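Structural overview
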Amino acid sequence: MSTMNWKRRFTLCECAVMVLLLGHMTSALEVPLDSKVLEGLPQPPTITHQSPKDYIIDPRENIVIHCEAKGNPHPSFSWTRNGTHFDVEKDHKVITRSNSGTLVIDISEEKAEAYEGVYQCMARNEHGTAVSNNIVIRQSKSPLWSKERNEPITVQVGVSLILHCRPPAGLPPPIIFWMDNNFQRLPQNSRVSQALNGDLYFSNVLAEDTRNDYICYARFPHTQTIQQKQPITVNVLNDRPAGERKPSFMYPSGDSSTVSVLRGETLELECFADGLPTPEISWTKANGDLPNDRFSFHNFQKTLKITEVMEADGGDYHCLARNRLGNAQHIITVVVKAAPFWISAPRNLVLAPKEMGMLICHVGGNPKPTITWLVNGVPIENSHKDPSRKIEDNTIILSDVQTGSSAVYQCNASNEFGYLLANAFVNVLAEPPRVLTPPNYVYQVISNRQAMLDCASFGSPIPKITWFKDGQTAIVNGDSYILHENGTLQINVAQPLNSGKYTCVATNSLGNRENHVYLEVKEPTRILKQPEYKKVQRSSKAVFECKVKHDPTLIPTMTWLKDNGELPDDERFVVDSDSLTINDVTQEDEGTYTCIMNTTLDQDSASATLTVVEATAAPPIIYERPDPPRDLELTDQKERSVQLTWTPGDEHNSPVQSFLIQYEDSLHEQDVWNNMTEVPGTSTTAHLDLSPYVYYSFRVLALNDVGLSEASIPSNQYRTNPASPDENPSDVEGTGTEPDNMVISWNEMTGLQSNGPGLQYKVSWRQKDTDEDWMSIIVANVSEYVVTGTPTFVPYEVTVQAINDYGSGPKPEVVLGYSGEDRPTMAPESVKVLVQNSTVAEVHWEPIPPSTVKGKMLGYKVSYWKEKSLQKEDSKPEKPQELTFSGNETEGRLPDLQPYSQYSINVRAFNGKGDGPPSTNQKFETPEGVPGPPTFLRITNPNLESFTVEWGPPVDDNGRITGYILKYQPINNTEELKEMTLLANETSVILENLKYSTRYKFYLNAMTIKGSGPIVTTAITIMDEARPVGPVFGSVNFSLEEDHAILNWEYTGDENNVYVEYMLDNSKEAWKREAVNGSRTYQLKSLKAGMTYRVRVVAKDHGDATVHSTEELLIAVPAMTSRQVDIATQGWFIGLMCAIALLILVLLIVCFIKRNKGGKYPVKEKEEAHQDPEIQPMKEDDGTFGEYSDTEDHKPLKGSRTPSNGTVKKDDSDDSLVDYGEGGDGQFNEDGSFIGQYSGKKEKDTAEGNESSEAPSPVNAMNSFV
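Bear in mind that the values here come from a model prediction, so they are computed numbers and not experimental data.

Description of the overall build of the chain
Tallying secondary structure elements over the chain gives nine helices and 94 strands in all. Looking at the 1266 residues of the chain, the share that counts as buried comes to 41%. Here the analysis covers contacts within the chain between residues at least 6 apart in sequence; of these, 64% occur between residues at least 24 apart. When the accessible surface of the chain is totalled, it reaches about 69400 Å², and 49% of it is carbon and sulfur.

As structure tokens, this is what we get:
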């Protein structure tokens, strides 16, 4: 219970005394209502039910004043009326209900006014007296309207108007509304509206406001009666209409006003403005905003309503009326007062003898309420004095209470706006413990959920509750268990191992009592195979599977829903144990189907959507990315998991292969989406495991063969509660960076891993294999901690544990670390070198003592270098080489040494910090070895039978050179290899009597006393290098053929490297060449006609250098190097020309014959076929000529001529031969016969169809042919 306000009133000394008293105080204990417990257990009275303070009665019904109480013994009841005793037994109209204080007053023969007044009930037994509130009884009233005569109201259009209602005062107040004679509500809007007092306000009147039935009605709720005012007549004239004007306030009047309201009530502020056009009303609060969730606008913004008024709602409210001509403002100052209200009501106390307790009556109000105390209904100052009782303003302190001092205390807090009355008893009992929870009760809970085991108890003093599991050691508060003050044992996450028998023991000074309960942890119900999205054709079958796993001891019940409602009552729907089949699917079957598996403890559900499509001919298939999923929903919401469901989008003819689920943690990484899991494309749900202290939002993407869809609209945010960390930092290491420190490092945990706010790390360490205590420090926002002052390179045990505001992570793993290393302090001793041969030696040494390593021994480094060559006096020391030998090796091989040299060597140990001091340098020498190869081998001064062989001494002599060995022999010959031994100081030799035109190969190597070194080789052809004295080319000739030139020459040299070279005369280009392959004749085909070339034959050596060459030949290629054929002399051409000439002659003869016949054609028939246009009948409709009129292109009629003016002219002769031609250009032969009509005309008609204006003729045909 709160004692804050009470403490503040004491002096410093009194506070010290009270703190001491509170240390021995007993908490409040409610006496249980269990009849078995109450039997024989005393309890003072407690009021359990009473009528309201302000009780308005209906005069047509009996008056019932409630007063119910409990207590042991059962209390008796008495009443006061208007402050004096009310003897209910003397009034036969008053009946008291059995075992109750409730009064029933029969007013059927009595006026209700006779029983109006203030009533108070008292319930008493031997342990005290409880009193009710003062109950004010008043009769409801619905008075008639006072008689009045309403004169007609006449106003001009545009002025403002107020129609007053002035309803009679009722109890409770009536509800006001305006109607017409037909009992239809009068329409209201921003121009016309009703005030809270019932008046009707017109901001401006219109002509249509004229009517004679403005009627104000008052409805009285208790009596359900309706009273009406006399109708009001309003006449609106339009002879002097009011003009437009800016707003002004009709109500409230003036610039400001004040309104008072009580805390907790509803505040209603209203403004009505005059103006034309109709003003618009808006509200603001000075120096603050309107309370978001408690304010609303009504009556077309004219009323501001604020519910559950608080002190902060006081202040100035601005009502603004605005139209296009201006605005007006009214300020309403709201003053908030408060009737008394409870901050902390006094609570019943059950105390054991000698115990201490306290009753606190903590109230608020404005003005501040006055607090008075009563005991058993009597003012405490008038009651008997009790030395164990002390009163301090709003607190009663009881100390060293005695048996028999039980009583009921009343706290009365009042101010000018009301009062509060509370009863609180003090029951002094000495009772041994009683356990109220039923014995052997079995609790069942699902695994990984919370379990609550009750141990309700009663006793005085208050019993202490202790829990045991399976009769073993007492259970204490910890991560797994929480012991509540009321005795309940809470298991945060129940596991199968928590199943078993639990015993609670209630103990106080008078004894103890135990009770046994049992906990059974069951397996959760889970849907293993969820129903999948289906897209089926009409009249086909759809099957949804729903396979479930559940605890075998629980009885499951499977239920299927369609669109969250029951399945249709249709035999097409077949429900099996793990599936739903829909036969003969129709369009109405589309929707979402949900399977729900229920047990007595839990349930699981999953949904899938059915889409029905028509069975139509398949259109061209277009494959696209799927549409994003939609309708994301979070179900089965738990502390560490949630189930996400969605509806797939259109697949666009490519089935969805999978759904990718992503999440955003807006608490730690806002706007960053992370992949969470992936489910098959047939699923529409996913069970997601969550981490604590994360603000999750989820979205889903669909993937098909085309690609990934757009992301869905994110789900609603799901926030998980903080918890202690589930894990500790990873990659914990302890490594020193200096000889006297150790750096403990780890990977910082992410916000997702922190599980809660206030993430920190508890870093602990101690030296291994010692009796030292663990040293610890707590750090935050770092990933390492440096421990200083450590010995050099000693092992430490290191742990890093995550902690946050909600607890610690699991027990951390111990990691072995080491403090910092230092360099080794001692050099290896007894270094010895054993030379194996001229290039290899072995080195041996003694290891350094472990105490001098000063770190982790990594090995030894051997440095050696060549000081000088024992052969060359001017040699310089070389750069040292280094070999590393790991671990504790004490010997090694030195490879690739230079023979016949002097070396120096030393050895040093090294660790992670670096190298130790080197040992003393030791010198050793390598013996001679075989020499390296001569630096070069070449042939010089060649001639026909001899040349000189030259070479250079080896760079690496590896000892003293004793000589050289030269070997040679012809290539591809069976002759023996000839060998020559040469002195050490020789570098050349002349070889003679070699075979001409023979290729030799030479081998040369140097020697020391250790043997011969590597061989160098070279080869040479005597003919190539020893050029003959005389020329090798003889005469050169050429001849020209049709498409090539033939060259002939004489040659006595080597056949392998002979070429023909040529180039354009006077050209700067390089010579072009073609190999002749040992021939003495060559056809050169690359020459172009009409060009002049320079040509020669050359012989080249192996280095592609020209050795011999013929003189250059100048070859001019003619422009026409072959005979041309004259087509005019060919027989086939002559024959063709003769045939063409004969054909032309025949055509000419035919033409002459036809022309001669044309002079005797029948004119009569021609005239009939081509009548004169002038005698043709005119068409009546359009005045055109008959069938000879060409309306398409207006060409002249056949057999007629059309002048340029468009008129038809008749010639002197109707059968003029010219008229049969085309225009005036008829063709005549030499004898005057006309051929145009029978040849040219016909051909011309044909030609016109081919868009040609010239008739073909034999002459033209011949011309075109030639």
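Some details on the pattern of salt bridges
Scanning the model with the defined rule gives 40 salt bridges in all. For Arg434, the salt bridge goes to Glu431, with nearest N and O atoms at 3.2 Å. Of the residues examined, Arg434 reaches a relative accessible area of 22% and is grouped as partly exposed. On the accessibility criterion, Glu431 (13% relative accessible area) is buried. The residue Lys469 makes a salt bridge to Asp470 at a minimum N-O spacing of 2.8 Å. Its relative accessible area of 40% is what places Asp470 among the partly exposed residues. Beyond isolated ion pairs, a larger network of salt bridges with shared partners links Lys861, Glu882, Arg908 and Asp915.

A short note on the state of the cysteines
Here the structure, examined in full by the defined rule, presents six disulfides. One disulfide bridge connects Cys271 with Cys319, the sulfur atoms lying 2.5 Å from each other. Taken together, the positions of Cys271 in the loop between strand E22 (267-270) and strand E23 (272-276) and Cys319 in strand E27 (residues 315-323) put the pair 48 residues apart, joining distant regions of the chain. On the basis of relative accessibility, which here comes to 0%, the residue Cys319 falls in the buried class.

Section: the layout of surface pockets
Here the largest pocket defines a volume of roughly 1000 Å³. Here the residues of the lining of the largest pocket are counted per class, giving 10 nonpolar, 12 polar and seven charged.

Some remarks on unusual backbone geometry
Omega for the peptide link from Asn72 to Pro73 comes to 5 degrees, which places this bond in the cis form. With an omega dihedral of 5 degrees, the bond running from Asn366 to Pro367 counts as a cis peptide bond. Looking at the element boundaries, Pro367 is found in the loop between strand E31 (362-366) and strand E32 (370-375). A positive phi is found at Asn448, a non-glycine position, where the angle reads about 70 degrees. Positive phi outside glycine occurs at Asp671, with the angle close to 65 degrees. Along the chain, Asp671 turns up in strand E60 (residues 669-680).

A word on the sheet that holds strand E78 (residues 922-925)
Read from one edge to the other, the open sheet built from four strands follows the order E75-E74-E77-E78, with strand pairing classed as antiparallel. The outermost strands of the open sheet, each flanked by one partner alone, are strand E75 (881-886) and E78. Averaged over all pairs of adjacent strands, the angle between strand axes in this sheet comes to 25 degrees, irrespective of strand direction. Sheet topology note: the strand E77 (residues 901-911)/E78 ladder contains four bridges and is antiparallel. Each bridged residue has a counterpart across the sheet, and for Gln902 the counterpart in E78 is Glu925.

Description of the nonpolar core
If you look at the biggest cluster of nonpolar residues, it comprises 30 residues, and the most contacted ones within it are Ile65, Trp79, Ile105 and Tyr119. Taken together, the elements giving at least two residues each to this core come down to strand E2 (54-57), strand E3 (63-65), strand E4 (67-72), strand E8 (103-105), strand E9 (117-125) and strand E11 (135-139). Sequence-distant contacts of Ile105, that is, excluding residues within four places in its chain, are made with Asn62, Ile63, Ile65, Lys93, Val94, Tyr115 and Tyr119.

Looking at a nonpolar patch on the surface
On the surface, Leu1142, Leu1145, Val1146, Ile1149, Val1150 and Ile1153 cluster together into a nonpolar patch covering about 530 Å² of accessible area. Take Val1146: it is sitting in helix H6 (residues 1131-1158). Val1146 gets classed as partly exposed once you look at its relative accessible area, which sits at 43%.

A word on the pairing of strand E80 (residues 947-951)
In terms of burial, E80 is a largely internal element, four of the five residues being buried. Two strands pair when backbone bridges link them, and strand E79 (residues 937-940) and E80 are joined in this way by four bridges, in the antiparallel orientation. Its bridge partner being in E80, Ile939 is matched across the sheet by Val949. Here four bridges tie E80 to strand E83 (residues 988-991), and the two strands are oriented antiparallel to one another. Its bridge partner being in E83, Phe947 is matched across the sheet by Leu991.

Concerning the packing of aromatic side chains
Across all of its chains, the model carries 24 aromatic pairs by this definition. Consider the rings of Phe295 and Phe297, whose centres lie 5.5 Å apart with planes at 75 degrees: the pair is edge-to-face. Residue Phe295 is classed as partly exposed on the basis of its relative accessible area of 26%. Residue class for Phe297 comes out partly exposed when judged on its relative accessible area of 29%. Ring-pair connections join several aromatic residues into one group, and the members of that group are Phe947, Tyr968, Tyr1000 and Phe1002. For the cation-ring pair, Arg211 lies above Tyr214, with the distance from its terminal atom to the ring centre recorded as 5.7 Å. Lying across the ring of Trp1071, Arg1096 places its NZ or CZ 4.2 Å from the centre.

So, the side chain of Glu1061
With respect to the secondary-structure elements, Glu1061 resides in strand E89 (residues 1058-1064). Sequence-distant contacts of Glu1061, defined by excluding residues within four places in its chain, comprise Trp1071, Lys1072, Arg1073, Arg1094, Val1095, Arg1096, Val1098 and Lys1100.

Side note on the pairing of strand E81 (residues 963-970)
By the criterion of burial, E81 is predominantly enclosed, with six of the eight residues buried. Pairing of E81 with strand E84 (residues 999-1008) involves eight bridges; the strand directions are antiparallel. In the sheet register, Ile965 faces E84, and the bridge partner there is Asn1005. Direction of pairing for E81 relative to strand E82 (residues 978-982): antiparallel, over a ladder of five bridges. Counterpart to Ile965 in the pairing with E82 is Thr981.

Observations regarding the sheet that holds strand E49 (residues 542-545)
One open sheet accounts for three strands, arranged E49-E54-E53; its pairing is antiparallel. One side of each edge strand has no neighbouring strand; the edge strands of this open sheet are E49 and strand E53 (573-575). This sheet shows a mean twist of 15 degrees between the axes of neighbouring strands, independent of strand direction. Pairing between E49 and strand E54 (residues 579-582): four bridges, direction antiparallel. Opposite Ala542, over in E54, you have Ile582 as the bridge partner.

Structural notes on the side chain of Glu821
Within the secondary structure layout, Glu821 lies in the loop between strand E71 (815-818) and strand E72 (829-835). Within the local environment of Glu821, its side chain forms a polar contact with the backbone nitrogen of Lys856, the two atoms lying 2.6 Å apart. Side-chain polar atoms of Glu821 contact the backbone nitrogen of Gly912, separated by 3.2 Å. The residues contacting Glu821, other than those within four sequence positions of it, are Glu738, Pro739, Thr792, Phe793, Lys854, Gly855, Lys856, Asn911, Gly912 and Lys913.

Some thoughts on the confidence of the model for the chain
Per-residue confidence for the chain gives a mean pLDDT of 83, with 85% of residues at or over 70. Below a pLDDT of 50 lies the segment residues 1159-1266, which in the model reaches 97 contacts outside its immediate sequence neighbourhood of four places, other chains included.

Side note on the environment of Gln717
For Gln717, the position within the fold is in the loop between strand E62 (695-703) and strand E63 (718-719). Under the relative-accessibility criterion, Gln717 is labelled partly exposed at 36%. Sequence-wise, Gln717 and Ser666 are 51 residues apart; in three dimensions their C-alpha atoms are separated by 9.0 Å. With sequence-adjacent residues up to four places away left out, Gln717 is seen in contact with Ser666, Tyr695, Tyr696 and Ser697. There is a polar contact of 2.9 Å between the side chain of Gln717 and the side chain of Ser666. Within the local environment of Gln717, its side chain forms a polar contact with the side chain of Arg719, the two groups lying 2.7 Å apart.

Considerations on the environment of Ser140
Residue placement: Ser140 occurs in the loop between E11 and strand E12 (153-156). Counting along the chain gives 81 residues from Ser140 to Pro59, while the straight-line C-alpha distance between them is 7.0 Å. Those residues within four positions of Ser140 in sequence are excluded, and the remaining contacts are Ile56, Ile57, Asp58, Pro59, Leu171, His222 and Thr223.

The rules behind each value
Residues numbered from 1 in each chain as written. Predicted model: local features only at pLDDT ≥ 70, side-chain atom pairs only at ≥ 80, totals over all residues. Heavy atoms only, no water. Helix = DSSP H or I, 4+ residues; strand = E, 2+ residues; numbered from the N terminus. Buried < 20%, exposed > 50% of the residue type's maximum accessible area, 1.4 Å probe, protein only. Contact = heavy atoms within 4.5 Å. Areas by Shrake-Rupley, 256 points an atom, 1.4 Å probe, with all protein chains shown as cover. Salt bridge = Lys/Arg side-chain N within 4 Å of Asp/Glu carboxyl O. Disulfide = S-S within 2.5 Å. 1 Å grid on protein atoms, 1.4 Å probe; cavity = no way out; pocket = protein on both sides within 12 Å on 5 of 7 lines; lining within 4 Å. Points joined across faces, edges and corners; volume = space filled by probe spheres on them. Nonpolar A, V, L, I, M, F, W, Y, C, P; charged D, E, K, R; others polar. Pairing = 2+ DSSP bridges. Axes fitted to C-alpha atoms, helices over the stretch in contact; angles between N-to-C directions. Core = buried A, V, L, I, M, F, W, Y, C linked by side-chain atoms within 4.5 Å. Patch = residues over 30% accessible without salt bridge, like charges linked within 9 Å, V, L, I, M, F, W, Y side chains within 5 Å. Phe/Tyr/Trp six-rings, centres within 6.5 Å; stacked < 30°, edge-to-face > 60°. Lys NZ or Arg CZ within 6 Å of the ring centre and 35° of its normal. Polar contact = N/O pair within 3.5 Å; in protein donor to acceptor, adjacent residues only side chain to side chain. pLDDT = per-residue confidence, 0-100.

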